[in-house]
Amino acid sequence: MSDRMHTWLVVAVSLLLLYVGLGIVSVQVSMKYETHHDPCFSVVTGRNLCADYQFAKWATGGIGVLLLALIGFSNQFIRKK
């Protein structure tokens, strides 16, 4: 893979990590303000917020590991000229 493609891949994965991280904040706000009797189900949308929160945590961790691997193994990924 070329140096330019590796840089774009790192930027794309970083933006994806930011997007999923902001999704965690969104679910936490929904858990605070959209639940009444049951702490996991939204009154507004009916979604299971606890499942969404768990998925977002795992996705953030996985994307973070992928980003660290892309940065850490950049010497092996980039083709030498």
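Note that the structure is predicted; figures quoted are calculated from it, not measured.

Chemist: Go over the overall build of the protein, please, and point to the residues and values.
Modeler: Of the regular secondary structure elements, the protein holds three helices and zero strands. Helices and strands in the protein line up, N terminus first, as α-α-α. For the protein, the C-alpha radius of gyration of 18 Å lies well beyond 12 Å, the compact-globule estimate for 81 residues. Dimensions of the protein along its principal axes, counting C-alpha atoms only, are 60 × 15 × 15 Å. Out of the 81 residues belonging to the protein, those deemed buried represent 21%. A separation of at least 24 residues holds for 56% of the contacts in the protein among residues at least 6 apart in sequence. Summed over all atoms, the accessible surface of the protein reaches about 6100 Å², with 69% contributed by carbon and sulfur.

Chemist: I'd like a description of helix 2 (residues 49-72), backed by residues and values.
Modeler: Residue pairs spaced three or four apart in an α-helix point in one direction, given the helix's 3.6 residues per turn. With 24 residues, helix 2 should reach 34 Å at 1.5 Å per residue; the first-to-last C-alpha distance of 34 Å fits that figure. Packing partners of the buried residues in helix 2 comprise helix 1 (3-33) and helix 3 (74-77). For helix 2, the side-chain oxygen to backbone nitrogen distance between the N-cap and C50 is 3.3 Å, and the N-cap itself is N48.

Chemist: Describe the packing of helix 1 against helix 2, and please don't skip the residues or the numbers.
Modeler: The interhelical angle for the contact between helix 1 and helix 2, taken along N-to-C directions, is 160°, at an axis separation of 9 Å. Viewed along their axes, helix 1 and helix 2 adopt a mutual orientation that is roughly antiparallel. Regarding helix 1 and helix 2, the two cross each other, and that crossing is left-handed. For the contact of helix 1 with helix 2, a count of residues per class yields 19 nonpolar, seven polar and two charged.

Reading the values: the criteria
Residues numbered from 1 in each chain as written. Predicted model: local features only at pLDDT ≥ 70, side-chain atom pairs only at ≥ 80, totals over all residues. Heavy atoms only, no water. Helix = DSSP H or I, 4+ residues; strand = E, 2+ residues; numbered from the N terminus. Rg over C-alpha atoms; globule rule 2.2 N^0.38 Å. Buried < 20%, exposed > 50% of the residue type's maximum accessible area, 1.4 Å probe, protein only. Contact = heavy atoms within 4.5 Å. Areas by Shrake-Rupley, 256 points an atom, 1.4 Å probe, with all protein chains shown as cover. Expected span 1.5 Å × (residues − 1). Polar contact = N/O pair within 3.5 Å; in protein donor to acceptor, adjacent residues only side chain to side chain. Axes fitted to C-alpha atoms, helices over the stretch in contact; angles between N-to-C directions. Parallel < 35°, antiparallel > 145°, perpendicular 65-115°, else oblique. Left-handed = near helix turned anticlockwise from the far one by under 90°. Nonpolar A, V, L, I, M, F, W, Y, C, P; charged D, E, K, R; others polar.

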